[in-house]
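If you want the building blocks of each chain, they are given just below.
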Amino acid sequence: MEIKNFEPRTYQLSIVKTCKEKNTLVCLPTGTGKTKIGILLSIERLNSYEKSQVLVLTPTKPLAAQICKEFKDNTTIDEDRIILLTGSIIPEKRMKFYNDATVIVATPQTINEDLINNRCTLSEYSLLMVDECHRSKENYANTKVSKFYSEQSKFPRILALTASPSSSKDSIDLICKNLSIESIEIRTENDEDLKEFIQKKDVEKIFVDFPEDFKAIHDLIKQEYKLRLEGVKSFGIHKPISVINKTDLLMLQKRLQGEIRNGNKSAFYGISLVSQLLKLDYCLNLLETQTPNAMHNFLTGLKNDESKAAKSILASENVKEAIELSYKLIDKKTKHPKLNKLLEILKKEMKINSNYKSIVFANFRNTVVEIVDELNKSGISAIKFVGQADRQDKGLKQKEQIEIIENFKNGKFNVLVASSVGEEGLDIPEVNSVIFYESIGSELRKIQRSGRTGRTKPGKIIFLMTNDTRDIGYHYSSLKKEQKMKNLLNKMKNEKTILDYAEDNN
């Protein structure tokens, strides 16, 4: 068996050399050919172990289809023996594929289910390739399949692939432990053997001011938040009020839930208080980073919430006044300044290039819909790209997602406005820019989003941020975590194998 239709790059061959000898975590920037490394190693293992098989795990059906196609396009393996296996195929039919396939590309949940029910064994598989391996936490199916594989395979070898494992040493150690990783290969944009393949990405930070009429509402909600914050001190939080954050509240909530299970009825008041604080904090977040409609819809939606926390919030005079002020903003069709700036940016770019393509990322589905509506009203062809159904939105089925991506590729739309579903797992085409409508504190998600541009040609990354809001803190937090992640991985790579490093630090 051989590769075809691509010439391996020097760094890919160097990494594969390590992967042949040890279970390896490979961390490469998005768009630099991680799957090709998996293909090269697959061919080596299949040729070394006659009649053996390869199993590839990847988190979504569309990405599984994409990797399956890549194996067919880039190897001489009989196409009929490269099988896409998902839960949509009935178990009885899946059993036959396990025997007939040379390469199986599957979602981990499907494989785990079949292993648990003894529909298959991994004894003849000479390679387990785990894509997007940063998902390999304790309860994720990747972890369970990896354990089965290590126990069953006659000739085990594991390859773990990601663009962004974590900035936390504990998290990386956990991934490595769960996947039996022995070595690490990392390349960054600054490595000599990768530099020539990295496209330039211009980064632009655009700041807008928080409007005075927004601040008036913000002050009312903030007052209500601070009033309730005083109450948590009686539940054992001794920090100054000014530094109590969402993490502290979530930890308190978890502790109080434990006390309730142990029969402490007085903890119910604490749970309600924490719930009120989390709802008010969420409201502040919407006002600072999203749109007036998003905040207004959340507050008025509390009327349908029967909890004591919701009723307490709505009974507040400050909140009542905030709702009235938000009505006035909406009546005047007031937009968040970030939305106005987004329209300005895209209009300017499309005036220069009518084929300009951009992905706009927004955290909330309601914001996604609002952005799409505003862009289309302004003559910019845009479409929403969200996940499958949740409690409030019917979402998009995976077939619809794939259709939208194809239409985007073919130029039917200029702008894809995406929730987190656009971060990974789909073959999204090259775009001129990625625009962050709001900041995110996660380095993993920042890296995934940024990787949607600058894959085969130069691109631009634009961050929209509101001054004096959490937008700023989240942005710089993700940058700090990203650098910490790179430093940590390089240290682990240069000093010794991951498992040795982990043992020395336990």
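Note: the structure precedes this text.
These notes cover the structure that comes with them. (Residues numbered from 1 in each chain as written. Predicted model: local features only at pLDDT ≥ 70, side-chain atom pairs only at ≥ 80, totals over all residues. Heavy atoms only, no water.)

## Some points on the overall build of the chain
Okay, step 1: Helix and strand counts for the chain stand at 20 helices and 13 strands.
Okay, step 2: At 25 Å, the chain has a C-alpha radius of gyration in line with the 23 Å of a compact globule built from 506 residues.
Okay, step 3: Along the first, second and third principal axes, the C-alpha set of the chain runs to 75 × 65 × 50 Å.
Okay, step 4: Here the chain holds 506 residues, and the buried ones make up 56% of them.
Okay, step 5: The long-range share in the chain, meaning contacts at least 24 apart out of those at least 6 apart in sequence, stands at 74%.
Okay, step 6: Total accessible area on the chain stands at roughly 23500 Å², and carbon and sulfur atoms take up 48% of it.
Okay, step 7: Averaging the positions of the 80 positive and the 69 negative side-chain charges in the chain gives two centres separated by 2 Å. (Helix = DSSP H or I, 4+ residues; strand = E, 2+ residues; numbered from the N terminus. Rg over C-alpha atoms; globule rule 2.2 N^0.38 Å. Buried < 20%, exposed > 50% of the residue type's maximum accessible area, 1.4 Å probe, protein only. Contact = heavy atoms within 4.5 Å. Areas by Shrake-Rupley, 256 points an atom, 1.4 Å probe, with all protein chains shown as cover. Lys, Arg positive; Asp, Glu negative; His and termini not counted. Charge placed at Lys NZ, Arg CZ, Asp CG, Glu CD.)

## Let's talk about the sheet that holds strand β10 (residues 382–385)
Okay, step 1: Strand order across the open sheet formed by 6 strands is β8-β13-β12-β9-β11-β10, with parallel pairing between neighbours. The two strands at the open ends of the sheet, each matched to only one other strand, are β8 (201–208) and β10. Adjacent strand axes in the sheet meet at a mean angle of 20°, parallel and antiparallel pairs treated alike.
Okay, step 2: Sheet topology places β8 next to strand β13 (residues 459–466); 8 bridges connect them, and they run parallel. Within the sheet, the bridge partner assigned to Lys-201 lies in β13 and is Gly-459.
Okay, step 3: Lying over the sheet, helix α16 (residues 365–377) contacts β9 (358–361), β10 and β11 (415–418), oriented at roughly 170° with respect to β10. (Pairing = 2+ DSSP bridges. Axes fitted to C-alpha atoms, helices over the stretch in contact; angles between N-to-C directions.)

## Some points on the packing of helix α9 (residues 212–229) against helix α11 (residues 267–289)
Okay, step 1: Interaxial distance between α9 and α11 falls to 10 Å at its minimum, and their mutual angle equals 160°. One way to sum up the angle between α9 and α11 is to call them roughly antiparallel. The element α9 and its partner α11 pack so that their crossing is left-handed. Contacts from Phe-214, Ile-217, His-218, Ile-221, Lys-222, Glu-224, Tyr-225, Arg-228 and Leu-229 in α9 reach Leu-273, Gln-276, Leu-277, Leu-280, Asp-281, Cys-283, Leu-284, Leu-287 and Glu-288 in α11.
Okay, step 2: Here the residues of the contact of α9 with α11 sort into 11 nonpolar, 2 polar and 5 charged. (Parallel < 35°, antiparallel > 145°, perpendicular 65-115°, else oblique. Left-handed = near helix turned anticlockwise from the far one by under 90°. Nonpolar A, V, L, I, M, F, W, Y, C, P; charged D, E, K, R; others polar.)

## Examining the sheet that holds strand β2 (residues 53–57)
Okay, step 1: Strand order in the open sheet formed by 7 strands is β3-β4-β2-β5-β6-β1-β7, with parallel pairing between adjacent strands. Each edge of the open sheet carries a strand with a single partner, namely β3 (82–85) and β7 (183–186). Shown here is a sheet whose adjacent strand axes are inclined to one another by a mean of 15°, direction ignored.
Okay, step 2: When strand β1 (residues 24–27) meets β7, the two strands line up parallel, connected through 4 bridges. Considered in β7, the bridge of Val-26 is made with Glu-185.
Okay, step 3: Each of β1, β2, β4 (103–106), β5 (125–130) and β6 (158–162) is contacted by helix α2 (residues 34–48), which is oriented at about 175° to β5, the strand it contacts most.

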